[in-house]
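Inside the fold
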Amino acid sequence: MVRFENVSKQYPKSNSLAVDDLTLELKPGEIFGFLGPNGAGKTTTIKMLTGILPLGSGRISVFGHDILTDPLAAKREIGYVTDSGVLYEKLTGREFVDFMADIYGVSASDRKERADRLLDAFNLSGAFDSRIDTYSHGMKQKIAIIGALVHDPKVLVLDEPMVGLDPQSSRELKDIMREHADAGNVVFFSTHVLDTAEKICDRVGIISGGRLVMTGGLDEIKAAKGNKSLEDIFLSVASAGEV
């Protein structure tokens, strides 16, 4: 599981906390949707989890590995797809996936089996030996997802993963996320696509102004707010800064 314990983060020259005393537990076997308006603290939280940003205070552990005291072990359990789509674009898709597999010590047989399955799902086999700088935005997103999954991580972290994907690929990604969670792993993703969150998430958390203001199953959250739709609840957060 993944645990955030009293995690806070403040950027230099800012008078407010980007993440404010976040305590949250992500459980094996679940897809957890992280929702909130722009600037709410979603990406900052994800970057602290993945070790890109240092913690301000608090503790994050990934299947028992502390991100501060045992960072390499924690990061080995994580597959991460950023919202910015930054890749090594002079590599071919195959070279990129092999590079990711080498970092995590994935055997030749395992990387081939996983890559072939995902390439087929995303209809990307024909471009696997082309350079990434020739890919469309959607193709880059697909190869980034394949690279994140090639070591079969216990925690799959996705920041706005549906951006740039066509409807068929979005459906395939949803199926892959469900399959990955059902195998006993954690899927943690941020999204503004509320329809996607409603359809595939086991639980969601809503963050606003750096604070986690509500978390739970969708039925639980809706019941607590007078059976409002998730869209209405989200918009109340974006407009009022609270739920």
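The preceding data block contains the structure.
This one's a predicted model, so the numbers in the text were calculated from it and none came from an experiment.

**Observations regarding the sheet that holds strand β5 (residues 65-66)**
The sheet built from four strands is open, its strands ordered β2-β1-β4-β5 with antiparallel pairing. The outermost strands of the open sheet, each flanked by one partner alone, are β2 (19-26) and β5. Packed onto the sheet, helix α1 (residues 42-49) meets β1 (2-9), β2 and β4 (57-62) and runs at close to 120 degrees relative to β1.

**Topic: the pairing of strand β7 (residues 155-159)**
The element β7 is extensively covered by neighbouring structure, given that five of its five residues are classed as buried. Of the two faces of β7, the one holding Val 155, Val 157 and Asp 159 and the one holding Leu 156 and Leu 158 are both buried throughout. In this structure, strand β6 (residues 78-81) lies alongside β7, joined through four bridges in parallel fashion. The residue bridging Val 81 from the neighbouring strand is Leu 158, located in β7. The pairing of β7 with strand β8 (residues 186-190) spans five bridges and is classified as parallel. Paired with Leu 156 across the strands is Val 187, a residue of β8. Crossover connection from β7 via helix α6 (residues 167-182) to parallel β8: handedness right-handed.

**So, the layout of surface pockets**
Volume-wise, the largest pocket comes out at about 620 Å³. Along its surface, the largest pocket is lined by 25 residues, and Tyr 80, Thr 82, Met 100, Ile 103 and Tyr 104 are the ones closest to its centre. Those elements that provide at least two residues to the lining of the largest pocket are α2 (71-76), β6, α3 (93-103) and α5 (137-149). Looking at side-chain class alone, the lining of the largest pocket contains 15 nonpolar, eight polar and two charged residues. Taken as a whole, the second largest pocket spans an internal volume of roughly 160 Å³. What lines the second largest pocket is Glu 113, Arg 114, Arg 117, Leu 118, Leu 149, Asp 152, Ile 176, Glu 179, His 180 and Ala 183. Per-element tally for the lining of the second largest pocket: the top contributor is helix α4 (residues 108-121), with four residues. Of the residues contributing to the lining of the second largest pocket, the split by class is four nonpolar, one polar and five charged.

What counts and what doesn't
- Counting starts from 1 at the beginning of each chain's written sequence and moves along it residue by residue.
- In keeping with the model being predicted, local features are shown solely for residues with a pLDDT of at least 70 and side-chain atom pairs are shown and tallied solely at 80 or more, while totals for entire chains, interfaces and linings include all residues.
- As a rule here, side-chain values come from all non-hydrogen atoms in the structure, and water together with hydrogens is ignored.
- By this definition, two strands are paired if DSSP reports at least two bridges between them.
- The way it works is that DSSP assigns letters per residue, a run of H or I at least four long becomes a helix, a run of E at least two long becomes a strand, and they are numbered from the N terminus.
- Contact between two residues is taken to exist if any of their heavy atoms lie within 4.5 Å; hydrogens are not considered.
- To obtain an axis, a line is fitted to C-alpha atoms, over the contacting stretch when the element is a helix, and the angle between two such axes runs from 0 to 180 degrees between their N-to-C directions.
- Buried means the residue's accessible area, taken with a 1.4 Å probe over protein chains only, is under 20% of the maximum for its type, while exposed means over 50%, and partly exposed covers the values in between.
- For the handedness criterion, the strands are oriented away from the viewer, and a crossover whose path from the first strand over the helix to the second runs clockwise is classed as right-handed.
- With a 1 Å grid laid over protein atoms only, a set of points is called a cavity when a 1.4 Å probe fits there but cannot get out and a pocket when it is open yet has protein on both sides within 12 Å along at least five of seven lines; lining residues have an atom within 4 Å of a point.
- Grid points are joined across faces, edges and corners, and a volume is the space filled by probe spheres set on the points.
- Only Asp, Glu, Lys and Arg are considered charged in this grouping, and only Ala, Val, Leu, Ile, Met, Phe, Trp, Tyr, Cys and Pro are considered nonpolar; every other residue, Gly among them, is considered polar.

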